[in-house]
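A structural walkthrough
Next come the chains, spelled out residue by residue.
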Amino acid sequence: MASRRFTQILMLMLLALTPGALRAQVPAGYRGTPYHDARYHGGAQKIPGRVLCAYYDLGGEGVAYHDSDAKNSGSGALNPADGTYLNEFRMHEAVDTSYTKFHDSIDNSPYDLVQPPENLLYVGWTEPGEWFNITVEVDKAGEYAGDLLYTSNRGGTISVDVNGKDATGPLAIPTTFNKDEPIAWRQWHHWNILHKFVRLSLPAGTNVLTVHVLTEGNMNFAYLDFQRSAH
């Protein structure tokens, strides 16, 4: 019994001496900061918990994100600038953002595989090569599995980095295209959820997650809901 206890203490000491073993190592010199505005001021998003993609970091092009063009195709464009929070959400940034709408059966159509909440912000109009960073605060080091709420009219692949290092490799996203859909543009609004889709080994503390769009694009990402994984 004494020898087992000694072994446990020795292992804890070795972990404590190993850089980054128990605490996160955010990339040196990273200048992005957790998203905040007049409505959201919760700081780094929490894991375990729901991580909203539209709350990607502040910092701009090349720091917090990379987008293929400078225009937000959702906020202020598809959603006219009318003074409302949702229509003008991050409208001066390049990442394309929008929100779920229940009028005219847009995001609550019978072709949803799952129905999202109304007025849920999301990142959309994605193209291969684009990426965005999300700063998160991890309660305890360990293995986590994330459910992804998304749409994809033709499938595609993404990957996720943790603190600047690829943590998942390519992840294949199934298409939500439905041949029975009578309205062509609504193919971009068939919502689905992939359970335990993103699996990450996360150190405790502040981490930066990077979502990369690898192939196909034309996907909408609402959130990743992370919980501790039981393998």
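Structure: above.
Below or above, wherever it landed, is the structure these notes cover. (Residues numbered from 1 in each chain as written. Predicted model: local features only at pLDDT ≥ 70, side-chain atom pairs only at ≥ 80, totals over all residues. Heavy atoms only, no water.)

1. Quick notes on the side chain of Asn220
Note that Asn220 resides in strand β15 (residues 219–228). Leave out the neighbours within four places in its chain, and Asn220 touches Tyr122, Val123, Gly124, Trp125, Leu149, Tyr150, Thr151, Trp188 and Trp191. (Helix = DSSP H or I, 4+ residues; strand = E, 2+ residues; numbered from the N terminus. Contact = heavy atoms within 4.5 Å.)

2. With respect to the layout of surface pockets
Considering only enclosed or pocket space, the largest pocket measures out at about 310 Å³ in volume. Considering the residues around the largest pocket, the lining is formed by Leu78, Asn79, Lys101, Ile106, Tyr122, Trp125, Glu127, Trp185, Trp188, His189, Asn218 and Asn220. Considered class by class, the residues forming the lining of the largest pocket number 6 nonpolar, 4 polar and 2 charged. (1 Å grid on protein atoms, 1.4 Å probe; cavity = no way out; pocket = protein on both sides within 12 Å on 5 of 7 lines; lining within 4 Å. Points joined across faces, edges and corners; volume = space filled by probe spheres on them. Nonpolar A, V, L, I, M, F, W, Y, C, P; charged D, E, K, R; others polar.)

3. A few points about the nonpolar core
By size, the foremost hydrophobic cluster in this structure holds 33 residues, and its most contacted members are Ile47, Phe132, Leu209, Phe221 and Phe226. Among the secondary structure elements, those contributing two or more residues to this core are β8 (131–138), β9 (142–152), β10 (156–162), β12 (171–173), β13 (192–202), β14 (205–215) and β15. Per-element accounting of this core gives the leading share, 5 residues, to β13. Among the nonpolar cores identified, the runner-up in size contains 16 residues, and Tyr35, Leu120, Trp191 and Tyr223 belong to it. (Core = buried A, V, L, I, M, F, W, Y, C linked by side-chain atoms within 4.5 Å. Buried < 20%, exposed > 50% of the residue type's maximum accessible area, 1.4 Å probe, protein only.)

4. What to know about unusual backbone geometry
Geometrically, the link from Ile47 to Pro48 is a cis peptide bond, its omega value of 5° lying close to zero. By secondary structure assignment, the location of Pro48 is in the loop between β1 (45–47) and β2 (49–52). Phi is positive for Ser105, close to 55°, though the residue is something other than glycine. With respect to the helices, strands and loops of the structure, Ser105 is situated in the loop between β6 (97–99) and β7 (121–123). Accessibility expressed as a relative area gives 31% for Ser105, which makes it partly exposed. The phi dihedral of Asn163 falls on the positive side, at around 55°, and the residue is not glycine. Structurally, Asn163 can be placed in the loop between β10 and β11 (165–166). Owing to a relative accessible area of 12%, Asn163 belongs among the buried residues under this scheme.

5. Looking at empty space enclosed by the protein
For the coordinates displayed, the defined rule picks out 1 cavity of 30 Å³ or more. For the largest cavity, the calculated volume is near 60 Å³. For the lining of the largest cavity, the residue count by class is 5 nonpolar, 3 polar and 3 charged.

6. Let's talk about the side chain of Asn72
Topologically, Asn72 is positioned in the loop between β3 (65–66) and β4 (75–76). For Asn72, the side chain forms a polar contact with the main-chain nitrogen of Gly74, separated by 2.9 Å. Among the polar contacts made by the side chain of Asn72, one reaches the main-chain amide nitrogen of Thr97 at a distance of 3.1 Å. (Polar contact = N/O pair within 3.5 Å; in protein donor to acceptor, adjacent residues only side chain to side chain.)

7. Topic: the environment of Val51
Here Val51 is to be found in strand β2. Judged by relative accessible area, which is 1%, Val51 ranks as buried. Between the alpha carbons of Val51 and Leu148 there is a distance of 9.8 Å; along the sequence they are 97 residues apart. The contacts of Val51, once residues within four sequence positions are left out, are Gln45, Lys46, Ile134, Val136, Ala222, Tyr223, Leu224 and Phe226.

By themselves, these figures tell us nothing about what the structure is for.
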